[in-house]
Structures are given as C-alpha cells and as structure tokens.
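Architecture and fold: a report
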Amino acid sequence: MIEVQGLHKSFADRKVLNDINITFEPGKPNLVIGASGSGKSVLLKCLVGLLQPDEGNIIYDSRYLGHMDYKSRQDLRREIGMLFQNNALFDSLTVEENIEFPLKMFSELSPSDRLDRVNECLKKVNLENSNHKYPSEISGGMKKRVGIARAIALPIKYLFCDEPNSGLDPLTSRVIDDLLVQITQDLNITTVINSHDMKTVADIGHKIIFIYKGEVSWIGSNANLTHGYSENPALSAFFKASF
Amino acid sequence: MSFFTELGRFAIFMRFVLKRPQKWSVFWKITFREMHNIGIESLLVVMLIATFTGAVTTIQTANQLLTPSDLFPTQLIPKFVVGAVVSTSSILELAPTVTCLVLAGKIGANIASEIGNKKISEQIDAYEVMGINSASFVALPKIIAGLVMIPSLIIVANFLLIYGGVLATQFTTALTFDDLVEGARMVFHYDYVKIMMIKGFIFAFLITSLSSFQGYYTEGGALEVGEAGTKAVTKICIAILFFDLVIAQIFLGL
C-alpha cells in the first residue's frame with residue numbers, strides 16, 4: 001500500500017500539486033486521471049522519487065520515502081517497476097537483454113536461470129519468440145509489453161504506469177489494460193496508472209483519482225463514475241471531451 | 001546560468017559519478033566496450049592527423065629557420081635545431097593538446113549526444129527507478145575508458161608526429177633524417193614525457209566528464225541533444241586550452 005499525505009509540489013511560482021492525500025491499495029489498479037498539465041506525471045515522479053516534493057509524505061508500507069537515505073531509497077526502488085510513457089527501453093539492447101538487465105544488476109541468478117525468467121516474463125505478456133529483436137524493430141504495443149515484462153522481471157511490490165495506452169490503437173490498448181489488471185491481481189502488487197484514456201478508466205478503474213488543477217477533485221470507481229459526473233462538473237467536462 | 005552555478009552542478013554530478021559501481025562484472029563489460037569506442041574507433045583519425053601535422057610542422061619550421069633573412073642568416077642556425085623544435089613541440093604541445101582537441105570533437109560530441117538521447121528518452125529515469133545510480137552507470141565507464149585510451153592515443157600520436165617529420169625529410173633537401181634525429185636527441189628530456197602524460201590524463205578526464213555532464217542534464221528533444229553535443233565540445237576545448245596554459249606555467253614557466 002502507498003499512502004500520500006499532504007503532498008505539495010511547485011516549479012518556481014507555479015503550484016503543480018496542492019495538498020494531495022490519497023491511498024493506493026494493492027491487488028487492484030489505481031487510476032490517476034486528469035487533463036494534460038493537471039499534475040499526474042509530476043505526482044507519479046514524486047511517488048517514485050524522481051522529483052522531490054516541497055511538502056508532505058509518501059509512505060510505502062510504513063516506510064517514509066522522504067526520511068530515507070540514498071541507499072535505502074535505492075533499495076526501495078528495487079521493489080518498484082515502472083512503465084514509462086515512451087517505454088524507455090534501452091535501445092542498444094535486444095528485447096531479451098532489456099528484460100534481463102534488472103536481473104543482471106540485482107539478482108544472483110545464473111545466466112540460464114536469468115534466461116528462464118526472461119522467457120517466463122515474455123510469456124506473461126504474450127511476447128514469446130521476440131527475444132532477439134531490438135526495440136526499433138518492434139511495434140508500439142510490443143514495446144509496451146516489453147516495458148511491462150522488464151518492470152516485473154524482479155519480484156516487485158509496486159508498479160507505476162505513465163500513460164500505458166498513449167499512441168496505441170483501441171485493440172492493443174485493451175490488451176495492455178487487461179495485462180495490467182492480470183499482473184496486479186496475480187502478483188498482488190500496488191499498481192498506479194496515469195491515464196487520460198476514459199475507455200481504460202471505464203474498463204479497469206477499480207479506484208479512480210481525478211486530478212484537476214493540481215488537486216484531488218474526485219475519488220471513486222468505475223462503478224460510480226456516472227454519479228461522479230453529476231456531482232463533479234470538471235470530471236463531467238473531462239469525460240464529455242474524451243468522446 | 002552562471003559559471004559558479006555550473007561548476008557546482010558539475011561537482012554534484014561528479015560526486016554521484018565517483019561512487020562504487022553496483023555490479024563490477026557489468027561495469028567492466030561496459031568499460032571495455034567504451035575503451036573500444038573511444039580508443040580503437042579514434043585510432044585512424046589520430047594516426048592521420050598526427051602524421052600529417054608532424055610532416056607539415058617539420059616543413060614549416062625548416063622553412064622559417066633555414067630560409068635566409070636579414071635578421072637570421074642561414075649559417076647561424078644549425079639544421080639540427082629544426083629537429084629540436086619539432087620534437088619538443090610534438091611532445092609538449094602537438095601530441096597532447098592537438099590530439100585532445102580533435103578527440104573533443106569526436107568523442108566529446110558523441111558522449112554528450114548518447115547520454116543526452118538516453119535522458120530525453122527517459123532511459124536515465126528508468127535506471128534511477130530500478131535503483132541504479134544513473135550518473136555513475138552512464139558516465140564512470142566512459143571516464144575510466146577515456147583515462148586509459150586517450151593517453152595511449154597521445155603516445156601513438158607522439159611517435160607518428162616524429163615519423164611525419166621523418167617522412168618530410170624525404171621530400172626536401174634542406175633537412176636530412178640525421179639532422180632531425182640529432183636535434184631531437186639533443187633536447188630530449190624525460191620530464192617532457194611526464195608533462196605530456198599529465199596533460200593526457202587531465203585532458204582525458206575533461207573530455208569524458210564534461211561531455212557526460214552536458215549530456216546528463218539535457219532537457220527537451222532532438223534539437224537539444226544536438227545542442228548538448230555542440231556545447232560539450234565548446235566547453236571541453238576551452239577547458240583544455242585553459243589547463244594547457246596552467247600546466248605549462250606550473251612545469252615550464254620561468
């Protein structure tokens with residue numbers, strides 16, 4: 001579980017996040033939605049420690065991120081997997097080497113065990129027989145799946161996804177959504193997904209956090225989205241503009 | 001951004017770079033690959049430039065010292081002086097400084113663009129999220145590889161500068177091979193080689209660390225990656241010339 005308490009973040013005079021209080025629970029996808037520039041990506045970067053918040057606490061299962069020294073923070077990050085908006089695959093490495101990379105760095109597995117784990121991860125994302133292709137040789141949807149496979153190569157507890165559906169067609173988008181739900185449930189991990197794709201929100205949004213102008217404007221689930229529209233004009237406008 | 005702000009950022013960057021690698025086996029593998037990229041890939045260009053520069057320096061020095069003039073009648077300057085001037089300037093200046101200025105353009109721009117590209121495509125963030133010290137992971141192998149390979153290239157360049165001079169004596173009657181060698185032997189001093197190597201190590205560090213720093217702090221897109229390469233080369237050249245002056249003053253200043 002990840003708790004965010006009173007999080008504030010500004011860039012110069014521009015306040016990007018204002019008093020964010022959220023709890024992300026394990027075992028189901030937590031969706032952070034909002035328009036471009038609403039502060040979703042900044043929130044995600046604060047959560048993984050790529051940005052330092054001005055105020056507030058981020059607590060990973062009773063461990064305060066802000067109180068950690070450099071080494072503890074690096075240790076925590078080994079429990080984190082992240083799917084980047086642009087995939088961030090290492091372009092000089094093959095698919096297999098990309099997935100093997102965290103195993104090489106942080107596990108004591110033998111080369112053959114590492115290969116077994118890589119193949120297991122590739123099977124999980126339905127991408128067998130692509131081991132020796134380079135990122136430049138595969139499609140956008142395949143890159144996303146490689147990104148997910150790399151993120152789950154080590155036994156992670158937390159998975160962060162920044163716009164996992166950006167640039168994908170609706171069918172591939174659905175495949176990625178299903179994959180994220182399945183991985184979250186199978187591994188019982190805390191998954192935080194940044195998205196502005198309302199189709200994804202409606203399909204897999206077991207917990208939805210709507211960020212509007214840097215503040216949490218609405219929290220609910222896909223089951224009570226309709227109710228949310230009526231009580232929150234900003235959410236309603238965001239939803240209508242999405243279709 | 002002021003000079004001192006930039007210097008502070010560089011110091012912070014180096015504090016992270018000079019940390020113990022997380023996995024030595026991975027570190028050495030990358031370092032050997034970088035040695036190939038920095039050293040072997042630059043060998044041909046260094047060999048060509050050194051040979052031609054050596055030949056041209058010999059011809060021009062001979063022309064200036066041995067052509068009769070009112071101030072210096074030819075007979076007053078022995079021919080071996082040309083060899084002395086060429087060999088000394090090769091060891092002290094041409095081999096380390098000119099070679100490193102060339103390498104600044106080749107290696108510096110390459111490193112800055114490579115790391116800059118990793119930065120804008122979020123690969124650096126990916127290292128960080130995995131719990132890897134990204135600054136050290138991307139920059140330290142390049143710095144170590146540079147510290148090994150660039151001084152080695154300077155040694156090769158030095159031999160070829162002299163060899164270029166020897167080649168030049170084959171095309172002129174004004175100077176013979178013996179004149180060149182006699183002059184070179186007469187003024188040779190081991191301290192000159194020491195100064196050349198000190199310059200080599202300092203310039204190697206400047207080329208690899210400044211270009212890594214410039215690439216690591218790239219923000220934006222493809223345009224900014226190109227700019228990072230250009231800025232890195234400019235900064236490295238200025239730093240090389242500045243430290244060249246400082247080293248000359250410290251070791252050779254009267």
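Attention in this report is confined to the structure presented alongside it. (Residues numbered from 1 in each chain as written. Chains lettered and ligands numbered in written order. Predicted model: local features only at pLDDT ≥ 70, side-chain atom pairs only at ≥ 80, totals over all residues.)

1. Here's the deal with the overall build of chain B
This is how it is decided: The helix count covers DSSP runs of H or I at least four residues long, the strand count covers runs of E at least two residues long, and both are numbered beginning at the N terminus. For the exposure call, what matters is how many other C-beta atoms sit within 10 Å of a residue's own: 20 or more marks it buried, 12 or fewer exposed, and in between partly exposed, using C-beta atoms placed from the backbone. Think of it this way: build a C-beta for each residue from its backbone, and any pair within 7 Å is a contact.
A count of helical and extended segments in chain B gives eight helices and zero strands. In sequence order, the secondary structure elements of chain B are arranged as α-α-α-α-α-α-α-α. In chain B, buried positions account for 46% of the 254 residues. Taking all contacts inside chain B whose residues are at least 6 apart in sequence as the whole, residues at least 24 apart take part in 87%.

2. Section: the overall build of chain A
Filter applied, for reference: Radius of gyration here uses only the C-alpha atoms, and the compact-globule reference equals 2.2 Å multiplied by the residue count raised to the power 0.38.
Of regular secondary structure, chain A possesses nine helices and ten strands. Here the C-alpha radius of gyration of chain A, 18 Å, is about what a compact globule of 243 residues would show, namely 18 Å. Expressed as lengths along the three principal axes of its C-alpha atoms, the size of chain A is roughly 55 × 45 × 30 Å. Taken over 243 residues, chain A has a buried fraction of 40%.

3. Brief notes about the pairing of strand β7 (residues 158-162) of chain A
All names here are of chain A. Quick reminder of the rule: In this analysis, strands are considered paired if DSSP registers two or more bridges between them. For the handedness criterion, the strands are oriented away from the viewer, and a crossover whose path from the first strand over the helix to the second runs clockwise is classed as right-handed.
Burial within β7 is extensive, with five of its five residues counted as buried. The two faces of β7 match: Tyr158, Phe160 and Asp162 on one face and Leu159 and Cys161 on the other face are all buried. Here four bridges tie strand β6 (residues 80-83) to β7, and the two strands are oriented parallel to one another. Residue pairing across strands places glycine 81 opposite leucine 159, the latter belonging to β7. Bridge count between β7 and strand β8 (residues 190-195): five bridges; the pairing is parallel. Counted as the bridge partner of phenylalanine 160 is valine 192 from β8. In this fold, the crossover linking β7 to β8 by way of helix α6 (residues 170-187) has right-handed handedness.

4. Examining the sheet that holds strand β1 (residues 2-11) of chain A
Residue and element names in this part refer to chain A. Read from one edge of the open sheet, four strands run β2-β1-β4-β5, paired in antiparallel fashion. Either end of the sheet is taken by a strand with one partner, and the two such strands are β2 (14-24) and β5 (63-64). Pairing geometry for β1 and strand β4 (residues 55-60), over five bridges, is antiparallel. Its bridge partner lying in β4, valine 4 is registered against isoleucine 58.

5. Side note on the packing of helix α7 (residues 190-216) of chain B against helix α8 (residues 222-252) of chain B
To characterise two packed helices, one gives the angle between the axes of the helices and the distance between these axes. Residues and elements named next belong to chain B. Put simply, the test is: Axes, fitted as lines to C-alpha atoms, cover a helix only where it is in contact. Angles between the N-to-C directions of the axes lie from 0 to 180 degrees. For this classification, under 35 degrees means roughly parallel, over 145 means roughly antiparallel, 65 to 115 means roughly perpendicular, and everything else is oblique. The handedness criterion is simple: a crossing whose near helix is rotated anticlockwise from the far helix by less than a right angle is left-handed, and one whose near helix is rotated clockwise is right-handed. Amino acid classes used here: Ala, Val, Leu, Ile, Met, Phe, Trp, Tyr, Cys and Pro are nonpolar; Asp, Glu, Lys and Arg are charged; the rest, including Gly, are polar.
Running from amino to carboxyl end, α7 crosses α8 at an angle of 155°, the nearest separation of the two axes being 9 Å. Our classification of the angle between α7 and α8 gives roughly antiparallel. The way α7 lies across α8 gives a crossing that is right-handed. Counted together, Ile195, Ile198, Lys199, Ile202, Phe203, Leu206, Ile207, Leu210, Ser211, Gln214 and Gly215 of α7 and Ala228, Lys231, Ala232, Lys235, Ile236, Ala239, Ile240, Phe243, Asp244, Ile247 and Phe251 of α8 form the full contact between these two elements. Per-class residue counts for the contact of α7 with α8 are 15 nonpolar, three polar and four charged.

6. A few points about the nonpolar core
Quick reminder of the rule: Nonpolar core, as used here: buried Ala, Val, Leu, Ile, Met, Phe, Trp, Tyr and Cys residues forming one set through C-beta atoms within 7 Å.
Counting 127 residues, the largest nonpolar core has Leu43(A), Leu47(A), Ala149(A), Phe160(A), Ile150(B) and Ile207(B) as the members making the most contacts within it. Leaving out residues up to four positions away in the same chain, Leu43(A) has contacts with Leu17(A), Ile20(A), Val32(A) and Ile211(A).

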